[in-house]
Amino acid sequence: MSLATRNGDPPVDAPVTPPTVVRQRRVRPGLLGLAVLLIALGGLGAAFAVTSVRATGSYLAVARPVEVGREISAADLVSVQVAGGQGLRPVPAGRLDEVVGKRAAVALVPGTLLTLGQVTDDPLLGPGQQQIALGLKTAQVPARELHPGDKVLLVSTPDRSNTTTGDAAAAAGTRFSATVIDMVSPANNDKVLYLALVTRDVPAVVALAAQNRLAVVLTETA
């Protein structure tokens, strides 16, 4: 290649820079197939997620309050349509006959879905036991939640209205063993504790509860 010069000088030869050649990268057929497969699987996963969320079914819900230990009747339940109920494990409406006649293992609250863990065929009370309910303040409960089967001690506290120190001390410290059947939280944030108690201890515990002279101690979790 020659370059022109000024003032009539002869042209001067200069080196020519060769053009840059860009090499094309080859796409491996295996990687391309893998990409197509991943895209297809992603689409199927999204479709499955949408279908699961939108799927509806008929399940059993609680229609009215059912106390712990009471036998469940058909009038206590209602069939409802729920979207995406598969992950909640509620009882399908078609299994109503399997639930009616069983006992509530926990207090059933209206408007909630029924699960098989909330009903039982087993007696909640053992031989020689009776059920009592204690109304407690949140600060009187030894744990945020007590569960069926937890073991507790009911300990009597001194009678503050008694001016005789010796009599108050003698009346305090009596212990009663009990088993938790259920615990519910009413709207006022208090706690209602359902307990299985030996029959002979029931009168004393009821009297102490009426005087607000019971402390609950958790001794063993279920």
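What counts, and where the lines are drawn
- Residues numbered from 1 in each chain as written.
- Predicted model: local features only at pLDDT ≥ 70, side-chain atom pairs only at ≥ 80, totals over all residues.
- Heavy atoms only, no water.
- Helix = DSSP H or I, 4+ residues; strand = E, 2+ residues; numbered from the N terminus.
- Buried < 20%, exposed > 50% of the residue type's maximum accessible area, 1.4 Å probe, protein only.
- Contact = heavy atoms within 4.5 Å.
- Areas by Shrake-Rupley, 256 points an atom, 1.4 Å probe, with all protein chains shown as cover.
- Polar contact = N/O pair within 3.5 Å; in protein donor to acceptor, adjacent residues only side chain to side chain.
- pLDDT = per-residue confidence, 0-100.
- Pairing = 2+ DSSP bridges.
- Axes fitted to C-alpha atoms, helices over the stretch in contact; angles between N-to-C directions.
- Salt bridge = Lys/Arg side-chain N within 4 Å of Asp/Glu carboxyl O.
- Core = buried A, V, L, I, M, F, W, Y, C linked by side-chain atoms within 4.5 Å.

Engineer: Go over the overall build of the protein chain, please, and point to the residues and values.
Structural biologist: The helix and strand tally for the protein chain stands at 4 helices and 11 strands. Relative to its full complement of 222 residues, the protein chain shows a buried share of 26%. Partitioning the contacts of the protein chain with sequence separation of at least 6, the portion at a separation of at least 24 is 65%. When the accessible surface of the protein chain is totalled, it reaches about 14,800 Å², and 57% of it is carbon and sulfur.

Engineer: Which residues make up the side chain of threonine 179, and what values go with them?
Structural biologist: Topologically, threonine 179 is positioned in strand S9 (residues 175–184). Within the structure, the side chain of threonine 179 is placed 3.1 Å from the side chain of lysine 151, a separation counted as a polar contact. Ignoring sequence-local partners within four residues, the contact set of threonine 179 consists of Gly149, Asp150, Lys151, Tyr194, Leu195 and Ala196.

Engineer: Give a description of the confidence of the model for the protein chain that names residues and reports values.
Structural biologist: This prediction gives the protein chain a mean pLDDT of 78; 68% of its residues lie at or above 70. Predicted confidence for residues 47–54 stays below pLDDT 50, and this span has 4 contacts to residues more than four positions away or in other chains.

Engineer: Outline the sheet that holds strand S8 (residues 151–156), supporting the account with residue identities and numerical values.
Structural biologist: Read from one edge of the open sheet, 5 strands run S7-S10-S9-S8-S11, paired in antiparallel fashion. Looking at the sheet topology across the chains shown, the edges are occupied by strand S7 (129–136) and strand S11 (214–220). For this sheet, the mean inter-axis angle between neighbouring strands, taken without regard to orientation, is 40°. Where S7 meets strand S10 (residues 191–198), 8 bridges bridge the pair, whose relative direction is antiparallel. Bridge pairing in S10 links glutamine 129 to valine 198. Each of S7, S8, S9, S10 and S11 touches helix H4 (residues 202–210); the most contacted strand, S7, lies at about 10° to it.

Engineer: Can you lay out the pattern of salt bridges for me, pointing to particular residues and giving the numbers?
Structural biologist: For the structure shown, the criterion picks out 6 salt bridges. Between arginine 95 and glutamate 98 there is a salt bridge whose closest N-O contact spans 3.0 Å. One salt bridge connects aspartate 190 with lysine 137, and the closest N-O pair in it is separated by 3.5 Å. Remark: lysine 137 occurs in the loop between S7 and S8 and aspartate 190 occurs in the loop between S9 and S10; sequence separation between them is 53 residues. One continuous salt-bridge network, built from bridges that share partners, spans Arg64, Glu67, Arg70 and Asp76.

Engineer: Help me get a handle on the side chain of aspartate 76, residues and values and all.
Structural biologist: Structurally, the position occupied by aspartate 76 is in the loop between strand S3 (56–62) and strand S4 (77–83). Residue aspartate 76 is classed as buried on the basis of its relative accessible area, which comes to 0%. Aspartate 76 has contacts with Ala61, Val62, Ala63, Arg64, Val66, Arg70 and Glu71, leaving out every residue within four places of it along the chain.

Engineer: Would you mind going over the environment of leucine 197 in detail, with residue names and values included?
Structural biologist: Inspection of the secondary structure puts leucine 197 in strand S10. For the pair leucine 197 and threonine 179, spaced 18 residues apart in sequence, the C-alpha to C-alpha distance is 6.9 Å. In this structure leucine 197 touches Gly128, Gln129, Gln130, Ile132, Leu154, Phe176, Ser177, Ala178, Val202 and Val205, once residues within four positions along its chain are discounted.

Engineer: Can you explain the nonpolar core? Please cite residues and give values.
Structural biologist: Ile132, Leu134, Leu154, Leu193, Leu195, Leu197 and Val205 are the most contacted members of the largest nonpolar core, which totals 19 residues. Among the secondary structure elements, those contributing two or more residues to this core are S7, S8, S9, S10, H4 and S11. Per-element tally for this core: the top contributor is S9, with 4 residues. Not counting residues within four places of it along the chain, the set of residues in contact with leucine 134 comprises Leu154, Lys191, Val192, Leu193, Leu195, Ala209 and Leu214. Core analysis: the next-biggest nonpolar cluster, separate from the first, contains 12 residues, Val62, Val99, Ala104 and Leu108 among them.

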